[in-house]
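Each chain, letter by letter, is given below.
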Amino acid sequence: MTPNFAAGVDPWGIRETDLDLESLPRAESIFALANGHLGLRGNFDEGEPRAESGTYLSGFFESYPISYGERGYGYAEDGQSVINVTDGKLIRLLVEDEPFDVHRGFLDEHERFLDFRSGILSRSVLWRSQAGRTVRVTSKRLVSFTQRSVAAICYEVEAVDREIRIALQSNLHANQSQIAEHRDPRKAAALGDVLAPELASAHGLRVVLGHRTHRSQLALAAGMDHTIDTGNLDPTTLTQVDDDLGRVTVSALLKPGKPLRLVKMLAYHWSGRQSIDWLRDQVDASLENAMAEGFDGLAAAQRKYLDDYWTVADFQVDGDPELQQALRFSKFQLLQASARAETRAVGAKGLTGTGYDGHAFWDTESFMLPPLTYTKPSLVRDQLLWRYRTLPQARERAHQLGLRGAAFPWRTIHGEECSGYWPAGTAGFHVNASVAHAVQRYVAATGDEEFEREYGVEMLVEAARLWASLGHFDYDGRFRIDGVTGPDEYTALVDNNVYTNLMAQLTLEAAADATERHVDVAQTLEVRTDEIASWRVAAGNMFVPFDERHGLYPQDQDFLTHEQWDFEGTPADHYPLLLHHPYLQLYRRQVIKQPDLVMALFVRGDRFTDEEKQRNFDYYESVTVRDSSLSASIQSIMAAEIGHLDLAYDYLAEGALTDLHDLKKNAADGLHIASMGGALMAVMFGFGGFRDHGGQVSFRPRIPTGLSRIAFPVIYRGHRIRVEILTDRVTYSLVPAATADADTVVIPFLHEDEELELTAAEPIVRPLAGPAPVIAPIQPLGREPARRTGVLPPTRLSA
């Protein structure tokens, strides 16, 4: 499989023109379709060969007891893992007496195309059996954005040069076992068959199966229905059903030029409360609606939904076709992960694979929600409501840990803590600051006062109570937060992590401000004026360590006293370090998995001077190995701000191409959705220089060598600011909200340090201010990003 992304790159899709079975695992992730509720991995219609069959439902999981050699009080008790539910993608073809199988016969043509504008994965194959029978098979697959529970497949088979008897078998199959044991902690747990059958029914060409998970006791109904367009072929059909398998078989005698067209509709509904019977009724209703629309109707609705999305949300770069394609792929996958998730979690892999057990982390609020806040804010509201609805579990967790407020989990699906490793899990309390910051950002960007009153204030209050109880005042009156883990997972259980302390400070101030704006809500939450005052005192006296000798902010108060990692003595194949070295050695040395102090330079950029940002960025570059897919985007943002524009470009490309180039060697487990969100952040916050500190919109745009134009939107208070950066100037234009009086809309903002007011009447154009020359920083030996400037070598998707 060799789609070329350097020459002839399609800016609106991913094309596969050859079959490379070694790259199949990654291709299954890249060609996955989803809508935030339902996800289908990019498996072949016939189901084999496959690396991992995947059909996933947001929030649908099985639980399992976490095993410990030595148990401690407060350890997470149960894990949660996304599971492969009933698979309805399967359509198998028998050509006379030979199965259509890419392992057998002769594959004369093969092409797949994922179209970002239509949301359809198409496939075209010309195949000859060993007996010399030739058929052309084409299929189109979609997961509907407009009908949340529905997917559809249009499958055509045509005889090419002679009359052929064929049979199609359309399956609905539960409990496909496939995940083997492994040593990589990033992979999913192997749970075996977890779906217990409760219902199996068939009527005509429709089959519905009902199952329930053994431990989590979640109920699921899945169904399929079909239409067959045969012209005058007069096919025969057979419908069969048992506990774990439903099958519709169609036999027909094909003549050249007269294809058999099978349209297959799928519907999925699940619940932790509703009966299987009720879920079956919902599946029947969804199937009936889908059948009424037909494949063409669903495809038309899908196209309209995406046309509306791209009109508002498109990111454009001129001069690097591969990067343009990767950024649109990122936008498309971020939408697929969240569009219809509604009030269920968006996991680190979306619905593209089982990596990380399908868990949501701080990635959601810190990397996925920022670009969505300014391009599709309704999806951010949905995700924050999911967090809000897990407050009972978070309060219980805080109580278990001897703390006040709410302690959101490091990793979860349902809201309970699922991390079995305390230092890199529960101790990562900064997830609570990420949630609180996402609330602040959303309210400031949208002006959604109803959300703030009904949900946001309570979330901020519980986060502030957590920080107030987690920290303490030392003898010098400084507020300290000890024994925590920051974003860098190669450093754990430290005192006064700068990022954590500064984010806690922001949360405490935000909670105090919100409760004073909404006094009645504060009274309902039993927030007293002295409690508010205590938050302000803690925030005002937050300890932020600084090393006078080196003129640096240490990542935590002791970080700069540690020995540096032996980068020169580390072989290239020992990265990521976590798979080759014990945490004992990582924790004792200066080596950083992903930006931590540098993350603080970005998120709390209002707290640092330009000189401090450059000095600290350059130092931490020298010890950061980027073993996390979350690294490149933050390094890109800060490199762009400081003036390392070519380095920022390199990092942007690395983040955007993480999965398309399989840079982390684990795209097979699912796509890195947060890395994609981070790449969009690198465009918006990096080269766009966009900042939203304190709700103030500001821009310091830049453009690197190799790009001639960058354009992106910022939706603020319902109005769309369009930013276009050329090599010599930047243009700001305004498209007011449809419900607004365009003549009265004024958006105040800063360009560099100039105060401006943007209206719809006239764009604002300013010359592009180039950054002052700076000396490029160095990275650890062998950990430099791939250079983006100059001639780009051809790259192939082994996906």
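Whatever comes next refers back to the structure up there.
Nothing here was measured: the structure is a model prediction, and the numbers come from that model. (Residues numbered from 1 in each chain as written. Predicted model: local features only at pLDDT ≥ 70, side-chain atom pairs only at ≥ 80, totals over all residues. Heavy atoms only, no water.)

Colleague: Describe the overall build of the protein, with residues and values.
Modeller: Helix and strand content of the protein: 17 helices and 31 strands. Taken over the C-alpha trace, the protein has a radius of gyration of 27 Å; the compact-globule value for 799 residues is 28 Å, and the two agree within 12%. Taking the principal axes of its C-alpha atoms as reference, the protein extends roughly 85 × 65 × 60 Å. Counting contacts in the protein only where the partners sit at least 6 residues apart, residues at least 24 apart contribute 70% of the total. Element-wise, carbon and sulfur atoms account for 47% of the exposed surface of the protein, whose accessible area totals about 29100 Å². If you average the places of the 79 positive and of the 112 negative side-chain charges in the protein, the two averages end up 3 Å apart. (Helix = DSSP H or I, 4+ residues; strand = E, 2+ residues; numbered from the N terminus. Rg over C-alpha atoms; globule rule 2.2 N^0.38 Å. Contact = heavy atoms within 4.5 Å. Areas by Shrake-Rupley, 256 points an atom, 1.4 Å probe, with all protein chains shown as cover. Lys, Arg positive; Asp, Glu negative; His and termini not counted. Charge placed at Lys NZ, Arg CZ, Asp CG, Glu CD.)

Colleague: So, the pattern of salt bridges: which residues are in play, and what are the values?
Modeller: Per the stated rule, a full pass over the model turns up 65 salt bridges. For Asp 87, the salt bridge identified is with Lys 89, shortest N-O distance 3.0 Å. Asp 476 is the salt-bridge partner of Arg 478, the closest N and O atoms lying 3.9 Å from each other. (Salt bridge = Lys/Arg side-chain N within 4 Å of Asp/Glu carboxyl O.)

Colleague: So what's going on with helix α11 (residues 529–540)? Which residues, and what values?
Modeller: Note that an α-helix has 3.6 residues per turn; residues three or four places apart therefore point the same way. Its 12 residues give α11 an end-to-end C-alpha distance of 16 Å, which sits within 8% of 16 Å, the value for a rise of 1.5 Å per residue. Buried within α11 are the following residues: Glu 531, Ile 532, Trp 535, Ala 538 and Ala 539. All buried residues of α11 project into a common sector of 120 degrees when viewed along the axis, lining one side. Among the exposed residues of α11, those pointing more than 90 degrees away from its buried face are Thr 529 and Gly 540. (Expected span 1.5 Å × (residues − 1). Buried < 20%, exposed > 50% of the residue type's maximum accessible area, 1.4 Å probe, protein only. Arc of directions from axis to C-beta.)

Colleague: Mind laying out the packing of helix α15 (residues 631–642) against helix α17 (residues 673–687), listing which residues take part and the relevant values?
Modeller: Here α15 crosses α17 at 10 degrees, and the two axes come no closer than 8 Å. The angle between α15 and α17 falls in the class roughly parallel. When α15 is examined against α17, the residues Ser 633, Ile 634, Ser 636, Ile 637 and Ala 640 are found in contact with a partner set consisting of Gly 678, Ala 679, Met 681, Ala 682, Phe 685, Gly 686 and Phe 687. (Axes fitted to C-alpha atoms, helices over the stretch in contact; angles between N-to-C directions. Parallel < 35°, antiparallel > 145°, perpendicular 65-115°, else oblique.)

Colleague: How would you summarise the nonpolar core if you had to cite specific residues and measurements?
Modeller: Among the nonpolar cores identified, the biggest contains 219 residues, and Leu 93 and Phe 712 are the most heavily contacted of them. Filtering out sequence-adjacent residues up to four positions away, Leu 93 remains in contact with Glu 98, Pro 99, Phe 100, Val 135, Val 137, Tyr 155, Val 157, Ile 166, Ala 167 and Leu 168. Counting residues in each nonpolar core, the second largest holds 20 residues, with Ile 120, Val 263, Leu 287 and Phe 295 among its members. (Core = buried A, V, L, I, M, F, W, Y, C linked by side-chain atoms within 4.5 Å.)

Colleague: Lay out the side chain of Asp 547 with the relevant residues and their values.
Modeller: Looking at the secondary structure, you find Asp 547 in the loop between α11 and β23 (563–564). We note that Asp 547 is buried and unpaired, the nearest opposite charge coming from Arg 549 at a distance of 5.5 Å. From its side chain, Asp 547 meets the backbone nitrogen of Arg 549 in a polar contact 3.0 Å long. Within the local environment of Asp 547, its side chain forms a polar contact with the backbone nitrogen of His 550, the two atoms lying 2.9 Å apart. When sequence neighbours within four positions are dropped, the list of residues in contact with Asp 547 reads Leu 552, Pro 554 and Leu 560. (Polar contact = N/O pair within 3.5 Å; in protein donor to acceptor, adjacent residues only side chain to side chain.)

Colleague: Can you lay out the sheet that holds strand β10 (residues 120–128) for me, pointing to particular residues and giving the numbers?
Modeller: Here we have 9 strands laid out as an open sheet, ordered β1-β9-β10-β11-β12-β19-β16-β15-β14, and antiparallel in their pairing. Each having just a single partner strand, β1 (13–16) and β14 (195–203) make up the two edges of the open sheet. Strand-to-strand twist in this sheet, taken as the mean axis angle between neighbours without regard to direction, amounts to 15 degrees. Where β1 meets strand β9 (residues 106–115), 4 bridges bridge the pair, whose relative direction is antiparallel. Following the sheet pairing, Arg 15 is matched in β9 by Phe 113. (Pairing = 2+ DSSP bridges.)

These figures come from the coordinates and say nothing about function on their own.
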